Amino acid sequence: MSSKLINWFRFSSPTTFYPLAGRMSRGFAWAAVVLIAVGLYMSFFVAPTDYKQGEGYRIIFVHVPAAWMSMLIYLVMAGWSFLGLVFNTRLSSMMATALAPTGALFTFIALWTGAFWGKPMWGTWWVWDARLTSELILLFLYIGFIALHSAIEDTRRADRASAILCLVGAVNIPVIHFSVKWWNTLHQGASVSMTSGSSMSAIMLYTMLVMTLGFWAYAIAVALSRVRCIILERERESGWVKKLITENAQ
Amino acid sequence: MKSFIEMGGYALYVWPSFGVAALLLALEPLLLRRRRAAVIRRIQRLNRMNETRQQ
């Protein structure tokens, strides 16, 4: 137990985390490439045509995983922000900052693919219904987080301010999740539910899960790679970074 | 092949969805690679400046 605790604190230091993040990032990048390739193959060649929506429904295999990721990344970001505020650990705040652009990217993909799915199925690119609007607010929260962080010169103050914004914004996540239940929306209800199982065929569900795992691996790989950049940028004056860069340059 | 591209008449909706997602997911690692190269160049410059100052 005690040795476990020591290990955790060891990796909360950027110096020890930097090489570990590099190795993990490479591993997850390979996993992402393989999983997304398999997922795409299943999306187009294995999953059957939907009896109601024809081939158009195949957008689900990128739309739903991206939408899940947009919410999950926000929650993880809020978790790191909380740790950063409570324990004042530099690395936690760096992780939160590293996740924000990837979260914004998945939110954008969810909105974009949603529009291209909505047009043929509902006849409109966009409606101001609860699900769509709360997802758009999520995109603004990500952008606000990034903008606030870069607007404050002192990085430690920027960390704290954006962490508070992130935690306050977390109230939006349950709103997105339950929006299709709480309000009468044009957006269809959940296709996959924790309580009542799935309303779709098994192969479609597996395809979606493979894509989701691929997006997970992608997000982890990219966030770790970005946190390495952030560590270098912030610790550029420290001895270990200088030594590392001189050694690698030769 | 032709019927695959046509996507049962939904080609205009399916391909922009997957295309833009693929484009963005490919772009982000490229941008990160450039950011990393830029910060490494900056640190190397800092190191050189310090060396000349010490001499």
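What counts, and at which threshold
Once a new chain begins, its residue numbering starts again from 1 and follows that chain's sequence as written. Each chain is given a letter, starting from A, and each ligand a number, starting from 1, according to the order in which they appear as written. Residue-level local features of this predicted model are given only where pLDDT is at least 70; pairs of side-chain atoms are given and counted only at 80 or more, and the full residue set underlies all totals for whole chains, interfaces and linings. Comment: elements are numbered from the N terminus, with helices defined as DSSP H or I runs of at least four residues and strands as E runs of at least two. Remark: C-beta atoms are placed from the backbone, and a residue is labelled buried if 20 or more other C-beta atoms sit within 10 Å of its own, exposed if 12 or fewer do, or partly exposed between those counts. Distance between backbone-placed C-beta atoms decides contact: two residues are in contact if it is within 7 Å. Charged means Asp, Glu, Lys or Arg here, nonpolar means Ala, Val, Leu, Ile, Met, Phe, Trp, Tyr, Cys or Pro, and polar covers whatever is left, Gly included. To define axes, lines are fitted to C-alpha atoms, for helices over the stretch in contact only, and angles between the resulting N-to-C directions are given on a 0 to 180 degree scale. In this scheme, roughly parallel covers angles under 35 degrees and roughly antiparallel covers those over 145, while 65 to 115 is roughly perpendicular and the rest are oblique. Left-handed describes a crossing in which the near helix is turned anticlockwise from the far one by less than a right angle; the clockwise case is right-handed. Expected span, for any helix, means 1.5 Å times one less than how many residues it has. Buried Ala, Val, Leu, Ile, Met, Phe, Trp, Tyr and Cys residues whose C-beta atoms connect them within 7 Å together make up a nonpolar core.

### Things to note about the overall build of chain A
For chain A, the count of helices and strands is 9 helices and 2 strands. In chain A, the order of α-helices and β-strands from amino to carboxyl end is α-α-α-α-α-α-α-β-β-α-α. The principal-axis extents of the C-alpha atoms in chain A amount to approximately 65 × 40 × 35 Å. Looking at the 250 residues of chain A, the share that counts as buried comes to 38%. In chain A, 77% of the contacts between residues at least 6 apart in sequence involve partners at least 24 apart.

### Focus on the interface of chain A and chain B
Counting residues at the interface gives 30 residues for chain A, matched by 24 residues for chain B. Among the secondary structure elements, those contributing two or more residues to the side of chain A that touches chain B are α3 (60-87), α4 (90-122), α8 (202-234) and α9 (239-249) of chain A. The leading source of residues in the side of chain A that touches chain B is α4(A), at 9 residues. Here the residues of the side of chain A that touches chain B are counted per class, giving 16 nonpolar, 7 polar and 7 charged.

### Thoughts on the environment of Leu167(A)
All names here are of chain A. Mapped onto the elements of the fold, Leu167 is located in helix α6 (residues 155-169). Using a count of 15 C-beta atoms within 10 Å as the deciding quantity, one classes Leu167 as partly exposed. Look past the residues within four positions of Leu167 in its chain and what remains in contact with it is Ala78, Ser81 and Phe82.

### Concerning the packing of α3(A) against helix α7 (residues 172-182) of chain A
Residues and elements named next belong to chain A. Here α3 crosses α7 at 155°, and the two axes come no closer than 10 Å. The angle between the axes of α3 and α7 places the two elements in the roughly antiparallel class. Judged by the sense of rotation from one axis to the other, the crossing of α3 with α7 is left-handed. Residues Met71, Tyr74 and Leu75 of α3 form the contact with α7, whose participating residues are Ile173, Ile176 and His177. Residues of the contact of α3 with α7, tallied by class, amount to 5 nonpolar, 1 polar and no charged.

### With respect to the packing of α4(A) against α8(A)
All names here are of chain A. Packing of α4 against α8 brings their axes to within 8 Å, and their N-to-C directions diverge by 125°. Relative to α8, the element α4 is oriented oblique. As α4 runs across α8, the sense of the crossing is right-handed. Between α4, through Met94, Met95, Thr97, Ala98, Leu99 and Thr102, and α8, the contact on the second element is made entirely by Ala219, Val222, Ala223, Arg226, Val227, Ile230 and Ile231. Split into classes, the residues belonging to the contact of α4 with α8 amount to 10 nonpolar, 2 polar and 1 charged.

### Details of helix α2 (residues 11-54) of chain B
Between the first and last C-alpha of α2(B) there are 64 Å, a value that for 44 residues agrees with the 64 Å anticipated at 1.5 Å per step. Among all positions in α2(B), only Tyr13(B), Val14(B), Ser17(B), Ala21(B), Leu25(B), Leu32(B), Val39(B) and Ile43(B) are buried.

### Observations concerning α3(A)
In this model, α3(A) (28 residues) spans 40 Å end to end at C-alpha, consistent with the 40 Å of a helix rising 1.5 Å per residue. One or two positions beyond α3(A), positive phi appears at Asn88(A), with a value near 60°.

### Focus on the nonpolar core
Membership of the largest hydrophobic core comes to 71 residues, with the highest contact counts inside it found for Ala66(A), Tyr218(A) and Val227(A). Listed by contribution, the elements that provide at least two residues to this core are α2 (14-46), α3, α4, α5 (130-151), α6, α8 and α9 of chain A together with α2 of chain B. Per-element accounting of this core gives the leading share, 18 residues, to α8(A). Not counting residues up to four positions away in its chain, the partners in contact with Ala66(A) are Phe106(A), Ile109(A), Ala110(A), Thr113(A), Phe215(A) and Ala21(B).

### Comments concerning unusual backbone geometry
Of note in this structure, Asn88(A) is not a glycine but carries a positive phi near 60°. Tracing the backbone shows Asn88(A) in the loop between α3 and α4. For Asn88(A), a count of 12 C-beta atoms within 10 Å translates into the label exposed. Its identity as a non-glycine residue notwithstanding, Met7(B) has a phi of 50°, on the positive side. As for its position among the elements, Met7(B) is in the loop between α1 (2-6) and α2.

The values are spatial; any link to function lies outside them.
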